[in-house]
Amino acid sequence: MLKGIAASPGVAMGKVCIHKDIFSHITVLPIEDQEIGNEIRRVQRAVEDIEEAIRNDQEMIRKKIGPKEAEIFSAHLSIIEDSHYLAEIFERIATQKIKAEAAVLLQIRKYEEVFSKVENPYLKDRILDIRDIGTRLLESLMGPLDFDCPFQEPVIIAGLELTAKDTLRLKKDRVWAFITEQGGKESHAAILARAMGIPAVLGMEGLLSRIEKGDFLIVDGNLGLIVVNPPEEMIQEYHQVQEKIKIRRENLHLLISSPAATLDGCPFKLMANIGNLLDLEYALRYQADGIGLFRTELPFIMGERFLSEEEQFDLYRTVVEKMNPKEVTIRTLDLGGDKFLKIPHPERNPFLGYRSTRFFLKEKSLLRSQLMAIMKASRYGKVKILFPMVCDMDEVRNLVILAKETERELRARGEDFQKDIPLGVMVEVPSLAILAHKLMKEVDFVSIGTNDLVQFTLAVDRDNDLVSHLYQPLHLSVLYLIRNVVDAGRAHGKSVSICGEMAGNPIFFPLLFGLGLREFSVSPMAILEVKEAAKKVSEKKACEVARKALDMDSPREIAQFLEASSLSERI
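Treat the numbers as computed from the prediction; the structure is a model and nothing was measured. (Residues numbered from 1 in each chain as written. Predicted model: local features only at pLDDT ≥ 70, side-chain atom pairs only at ≥ 80, totals over all residues. Heavy atoms only, no water.)

Enquirer: How would you summarise the overall build of the chain if you had to cite specific residues and measurements?
Expert: Looking only at helices and strands, one finds 24 helices and 16 strands in the chain. In the chain, which comprises 571 residues, the proportion classed as buried is 54%. Long-range contacts, defined here as pairs at least 24 residues apart, represent 70% of the contacts in the chain between residues at least 6 apart. Accessible surface, the chain: about 25,800 Å² in total, of which carbon and sulfur atoms supply 52%. (Helix = DSSP H or I, 4+ residues; strand = E, 2+ residues; numbered from the N terminus. Buried < 20%, exposed > 50% of the residue type's maximum accessible area, 1.4 Å probe, protein only. Contact = heavy atoms within 4.5 Å. Areas by Shrake-Rupley, 256 points an atom, 1.4 Å probe, with all protein chains shown as cover.)

See below:
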């Protein structure tokens with residue numbers, strides 16, 4: 001039995017498949033003398049292919065973003081055109097008599113070892129370029145790799161780690177659960193697993209050395225446990241657990257048509273967070289009061305390119321039409337950090353770097369293209385526009401100006417679209433939460449993004465296993481910031497919603513409702529649980545819970561208090 005972090009609830013049983021990166025698929029295979037020339041020619045052809053691909057990427061970035069940003073590809077070209085770099089690969093093939101793939105891998109490993117010992121940060125970061133070129137070479141030599149999973153039935157996916165991109169690429173109906181060696185409860189892979197309704201246990205050191213492809217596993221996402229090749233009696237016990245979970249879900253489904261309201265009938269908006277059309281179907285199934293957060297970056301991440309204005313318009317129109325007459329809040333692109341699109345700005349700390357609004361206020365044509373697509377889609381229903389990762393008032397004003405300019409441009413083109421589309425910003429950095437009263441004078445609404453607000457307030461990387469235990473949503477500083485934003489919204493008559501992971505945790509509902517929040521946007525899978533939690537608490541009781549929590553001294557004390565309150569409500 002292995003113990004990890006219970007990252008997404010639920011129980012799954014089935015065979016396991018191992019998710020590996022391209023480097024893990026390479027073995028050092030010997031070749032005969034007469035094969036040496038052919039292997040060298042394979043590398044030369046691969047070099048020609050990726051050199052052309054790099055130049056095409058460079059030209060695309062130059063046109064869409066700018067010449068300065070395209071310069072990074074010059075570094076890639078300099079590596080692939082470096083006769084010494086290639087000569088060493090050819091020499092490995094000839095002297096060690098190994099296949100081209102193995103020679104490329106050994107070359108990458110050599111450079112990794114050398115650069116890991118360099119103190120200069122700039123030179124140290126060049127290993128990223130080396131790995132990128134190595135990956136391109138290997139992909140050209142090996143062709144596209146299919147996920148190595150021979151089983152016809154759904155499986156449990158295991159890996160060292162799963163990025164948000166890895167998680168999105170896996171088809172929900174083919175996956176029972178996620179398990180990894182790295183990652184925490186608030187990592188984006190965990191958040192996506194919860195959004196998909198898939199059990200996940202993360203952060204199990206040594207996991208991959210203790211399982212093999214085809215092993216039968218029990219994954220308990222509630223307790224954070226993995227059982228490898230369990231006895232039959234344990235399998236039967238967990239079948240009973242699954243049956244109880246099924247009954248619980250059926251009971252929750254009885255709440256689908258019930259309005260979102262507290263025990264004493266105080267109504268509130270319970271909306272859905274979505275990132276794709278599958279999420280939209282669940283939002284419709286569970287009768288969400290609207291879309292409180294449409295994460296538009298996921299299709300860009302999957303496509304590894306900027307979508308055209310028309311492609312974006314088609315997507316947004318579909319969502320808006322299907323939700324009509326309920327509102328859809330569309331968030332502009334939040335790229336950078338862990339949501340990495342190949343924007344040519346490798347950074348040591350991308351979460352605090354050239355990302356999201358900072359990038360798009362500089363490369364305005366890309367943001368303007370998205371705004372046009374959103375505005376054109378607004379003629380098919382109710383739309384609100386939400387800007388992410390805003391840090392100060394100048395950014396807020398510049399975003400509003402850009403949106404108004406885009407509106408005028410569309411009118412000049414004779415386009416028909418919704419008049420006076422509400423403009424809002426995400427409050428996910430402390431600087432903006434502190435300035436909430438000034439902020440409310442500039443925007444029509446705000447949405448509190450607790451995931452980033454917590455990590456930026458507490459200076460904790462939620463994806464870092466060494467410090468993820470310090471990621472504490474119930475930290476008093478976070479709660480006071482939330483209250484400040486809510487109070488500012490009420491004073492200025494502006495709506496305030498909450499859309500982070502905190503919003504979807506039913507145990508947190510009385511606290512957040514007591515702090516004054518009346519608009520919640522959660523994963524579609526969490527809608528019914530939040531609705532159930534609301535029906536067990538009155539407005540008066542929620543205000544009392546919030547008051548008591550703010551008088552406590554530690555996140556642990558608050559968590560224990562909320563858990564006890566939840567238990568008493570169930571009794």
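Enquirer: Talk me through the packing of aromatic side chains; I want residue IDs and the actual numbers.
Expert: Following the criterion strictly, the structure yields nine aromatic pairs and no others. Relative to Phe 360, the ring of Phe 359 lies with its centre 4.9 Å away and its plane at 85°, an arrangement referred to as edge-to-face. Comparing Phe 359 with Phe 360 shows no difference in burial state: the two are buried. Chaining the aromatic ring pairs together yields one cluster made of Phe 268, Phe 509, Phe 513 and Phe 520. Directly above the aromatic system of Phe 313 lies the positively charged group of Lys 376, at a separation of 5.3 Å from the ring centroid. One residue, Arg 518, lies across the ring of Phe 513, its end atom 3.6 Å from the ring centre. (Phe/Tyr/Trp six-rings, centres within 6.5 Å; stacked < 30°, edge-to-face > 60°. Lys NZ or Arg CZ within 6 Å of the ring centre and 35° of its normal.)

Enquirer: Give me the lowdown on the nonpolar core, citing residues and values where you can.
Expert: Formed by 113 residues in total, the largest nonpolar core has its most connected members in Ile 482 and Phe 520. When residues no more than four places from it in sequence are discounted, the contact partners of Ile 482 are Ile 448, Thr 450, Leu 453, Met 502, Leu 512, Leu 515 and Leu 517. Core analysis: the second largest hydrophobic core is formed by 32 residues, Ile 26, Ile 36, Val 47 and Ala 102 among them. (Core = buried A, V, L, I, M, F, W, Y, C linked by side-chain atoms within 4.5 Å.)

Enquirer: Account for the sheet that holds strand S4 (residues 155-159), with residues named and values stated.
Expert: Judged by pairing direction, the sheet is mixed, and its eight strands sit side by side in the order S1-S8-S7-S3-S4-S5-S6-S2 without closing on themselves. Either end of the sheet is taken by a strand with one partner, and the two such strands are strand S1 (2-3) and strand S2 (5-8). Here helix H10 (residues 232-253) sits on the sheet in contact with strand S3 (11-19), strand S7 (216-220) and strand S8 (225-228), set at roughly 110° to S3. (Pairing = 2+ DSSP bridges. Axes fitted to C-alpha atoms, helices over the stretch in contact; angles between N-to-C directions.)

Enquirer: Mind laying out unusual backbone geometry, listing which residues take part and the relevant values?
Expert: For the peptide bond that leads from Asn 324 to Pro 325, omega is 15°, which places it in the cis range. Inspection of the secondary structure assignment puts Pro 325 in the loop between helix H13 (309-323) and strand S11 (328-331). Of note in this structure, Asn 229 is not a glycine but carries a positive phi near 45°. The topology assignment puts Asn 229 in the loop between S8 and H10. Assessed through its relative accessible area of 45%, Asn 229 is described here as partly exposed. Unusually for a residue other than glycine, Gln 287 sits at a positive phi of about 55°.

Enquirer: Tell me about the pattern of salt bridges, and name the residues and values.
Expert: Overall, the coordinates contain 26 salt bridges when judged by the stated rule. In this structure, the salt-bridge partner of Arg 331 is Glu 297, at a minimum N-O distance of 2.6 Å. Taken as a pair, Arg 331 in strand S11 and Glu 297 in helix H12 (residues 297-303) lie far apart in primary sequence, 34 residues in all. Residues Arg 331 and Glu 297 agree in their burial class; the two are buried. Two residues, Arg 490 and Asp 487, come together in a salt bridge whose shortest N-O distance is 3.2 Å. Of the two residues, Arg 490 and Asp 487 are both situated in helix H20 (residues 476-492); the distance of three residues between them amounts to about one turn of the helix. What makes Arg 490 exposed here is its relative accessible area of 54%. Given a relative accessible area of 31%, Asp 487 falls into the partly exposed group. Residues joined in a network through salt bridges with shared partners are Glu 309, Glu 310, Lys 376, Arg 379, Arg 413 and Glu 415. (Salt bridge = Lys/Arg side-chain N within 4 Å of Asp/Glu carboxyl O.)

Enquirer: Residue-level account of the environment of Gly 290, with values.
Expert: By the element assignment, Gly 290 lies in the loop between helix H11 (277-285) and strand S10 (291-295). According to the relative accessible area criterion, Gly 290 is buried, its value standing at 0%. Spatially, the C-alpha atoms of Gly 290 and Lys 269 are 8.2 Å apart, while their sequence positions differ by 21 residues. Setting aside anything within four residues of it in sequence, one finds Gly 290 in contact with Met 271, Ala 272, Met 323, Lys 326 and Glu 327.

Enquirer: Before we move on, can you summarise the packing of helix H15 (residues 364-377) against helix H16 (residues 393-412) with the specific residues and values?
Expert: Packing of H15 against H16 brings their axes to within 10 Å, and their N-to-C directions diverge by 60°. Considered as vectors, H15 and H16 are oriented oblique to each other. Note on packing geometry: the crossing formed by H15 with H16 is right-handed. Where H15 approaches H16, its residues Lys 364, Leu 367, Arg 368, Leu 371, Met 372, Met 375 and Lys 376 are matched on the opposing element by Leu 399, Leu 402, Ala 403, Glu 405, Thr 406, Glu 407, Glu 409 and Leu 410. (Parallel < 35°, antiparallel > 145°, perpendicular 65-115°, else oblique. Left-handed = near helix turned anticlockwise from the far one by under 90°.)

Enquirer: How would you sum up helix H22 (residues 527-534)? Please name residues and give values.
Expert: Within H22, seven of the eight residues are buried, which leaves the element mostly enclosed by the surrounding structure. Among the residues of H22, Ile 527, Leu 528, Val 530, Lys 531, Glu 532, Ala 533 and Ala 534 are the ones counted as buried. Summarising the contacts, the buried residues of H22 are in contact with H10, strand S9 (269-274), helix H21 (509-514) and strand S16 (519-522).

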